[in-house]
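# Remarks on the overall topology
Chain residues, written in single-letter form:
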Amino acid sequence: MSAGARYDFDTVIDRRGTWSVQWDGVADRFGVDGLLPFTISDMDFETAPQVLRALRNRLDHGVFGYTTWQQDDFRSAIAHWYATRHGAQIDTGQLVYGPSVLSQLSQLLQMWTVAGEGVVVHTPVYDGFRKAITGLGRELRGVPVEDVVALERELARPDSKVLVVCSPHNPTGRVWTRDELGGMASLAARHGVAVISDEIHADLVHPGHAHVPWTCVAGEGEGEGEDKTQRDGEGKGKTRWALLSSASKAFNFPALTGSYGLIGDPADRAEFLRRMETAEGLASPAVLSLTAHIAAYREAGDWLDQVRGYVGGNLALVAERLNEAFPDLGWEPPQAGYLAWIDLRPVGIVGADCDEALQRALIEREKVAVMPGAVYGAQNFVRLNVGCPRSKADAGVQALIRGIRAVV
């Protein structure tokens, strides 16, 4: 399809029997097979036809030998995307590659911290961050999204070494402003804390908001206070930072694996690549991931715009249904993404017992799987994935409404 074509997101595609974590793995988390899932953050849509065409062409070549990501087609596609989508000029010499954003995060945490040191995150927190941080023996130090005072307090602790920024924020869908990110950069510089910015949701920002890549604020506030990351040689006095991302979230091909990052300091970048290529044995990336990234960033912007509009309509539907059923809820769609983060306390879902009762009602009566907020450290919330055909989104919110009524 060419630019100006209309894409079909209403048709339901049967994902059962495809080894899908969301559909076939629902019993692993919820204990029951056959639930209608609104869980893990992938979408029920085919990826862009431009991506599919590029993948088919690559498959037709038939040779899948060892591959390099350090080539101009891949690097220039990323630079083109940042320039045209985010108005940001990136230094392609800062690029690195990894199998996933979380694998890159884990590697950087091992480079920049030791066991027992603190890693600061905004709460509620994506559960993948929690698993990575605590699984490495680091101390997760959570601060509420809106609490700048708490953020500085945690960054000021002598053994706080890294700030992990989720931008846009998962699970709330919050899009950080330029001033907010600049403030974080200044605080990190003041207290000598390295920054890792996970920006995998960046391309799903809704109208009225704009994503600001960390590269646009990196270095702000340097020279203030004592730098805990200071070291001899090149990079002395500089705040360490990394931006991590992937096209896989916005264009819905996470199973192809593949992500990229930008690392500011040359020595850190070299060490990261050394670890990936030797200690992790990941010198050759997945060729289909490279193919998909290049096609997405070069050719599929129109498809993405329509996806964002469609899921925006799903979120508007969720708001309409919820607020009609529960006027006290006053729920508003997120600023980014397709994950509806819903605070149920205004309608009487308060305490662990209510959470458990709601999950029982959703699973046993409504036969749906909805992520409880406790997974992200927030009791009495739910996270409803509406990256799906509208008929499914409507079924999910109606089931949630009935489940709430059964409890309260």
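That block above? That's the structure.
Let me begin by describing the structure that accompanies this report. Only a predicted model underlies this, so the values are computations on that prediction, with no experimental measurement involved. (Residues numbered from 1 in each chain as written. Predicted model: local features only at pLDDT ≥ 70, side-chain atom pairs only at ≥ 80, totals over all residues. Heavy atoms only, no water.)

### Brief notes about the sheet that holds strand β1 (residues 36-38)
We apply this condition: At least two DSSP bridges between two strands are required for those strands to pair. Counting from the N terminus, the helices are the DSSP runs of H or I reaching at least four residues and the strands are the DSSP runs of E reaching at least two. Interaxial angle, 0 to 180 degrees, is taken between N-to-C directions of lines fitted to C-alpha atoms, where a helix line uses only the stretch in contact.
Strands sit in the order β1-β10-β11-β9 across an open sheet of 4 strands; the sheet is mixed. Each edge of the sheet is formed by a strand with only one pairing partner; in this case those strands are β1 and β9 (339-343). For this sheet, the mean angle separating the axes of adjacent strands, direction not counted, is 30 degrees. Bridge count for β9 against strand β11 (residues 381-385) is 5 bridges, and the pairing is antiparallel. In the sheet register, L339 faces β11, and the bridge partner there is N385.

### Structural notes on the packing of aromatic side chains
What counts, and what does not: Stacked, tilted and edge-to-face pairs are distinguished by plane angle, under 30 degrees for stacked and over 60 for edge-to-face with tilted covering the rest, among Phe, Tyr and Trp rings (Trp via its six-membered ring) whose centres lie within 6.5 Å. Burial here depends on accessible area, computed with a 1.4 Å probe over protein chains only, as a share of the maximum for the residue type. Under 20% is buried, over 50% is exposed, and the range in between is partly exposed. By definition here, charges over rings are those cases where NZ of Lys or CZ of Arg is within 6 Å of the ring centre and within 35 degrees of the ring normal.
Taken as a whole and judged by the stated rule, the model has 15 aromatic pairs. Measuring from ring centre to ring centre gives 5.9 Å for F74 and Y97, while their planes differ by 70 degrees; the resulting arrangement is edge-to-face. Of the two residues, F74 is situated in helix α3 (residues 72-86) and Y97 in strand β2 (residues 95-98); the sequence distance between them amounts to 23 residues. Under the relative-accessibility criterion, F74 is labelled buried at 1%. Taking 5.8 Å as the distance between ring centres and 80 degrees as the angle between the ring planes, the aromatic pair formed by W341 and Y376 counts as edge-to-face. In this pair, W341 sits in strand β9 while Y376 sits in the loop between β10 (368-372) and β11, placing the two residues 35 residues apart along the sequence. Aromatic ring contacts, followed pair by pair, group F9, F45, W81, Y82, F251, Y260, Y297, W303 and Y310 into a single cluster. Against the face of Y310 rests R390, its NZ or CZ located 4.3 Å from the ring centre. A cation sits over an aromatic face here: R405 above F326, 5.6 Å from the ring centre.

### Notes on the side chain of Q107
The following threshold applies: Polar contact is the term for a pair of N or O atoms within 3.5 Å; when the atoms are in protein, one must be able to donate a hydrogen and the other to accept it, and sequence-neighboring residues count only if both atoms are side-chain atoms. Any two residues having at least one pair of non-hydrogen atoms within 4.5 Å are treated as being in contact.
In this fold, Q107 is placed in helix α4 (residues 101-112). A polar contact of 3.2 Å, which involves the side chain of Q107, links it to the side chain of R275. Not counting residues up to four positions away in its chain, the partners in contact with Q107 are F272, R275, M276 and E280.

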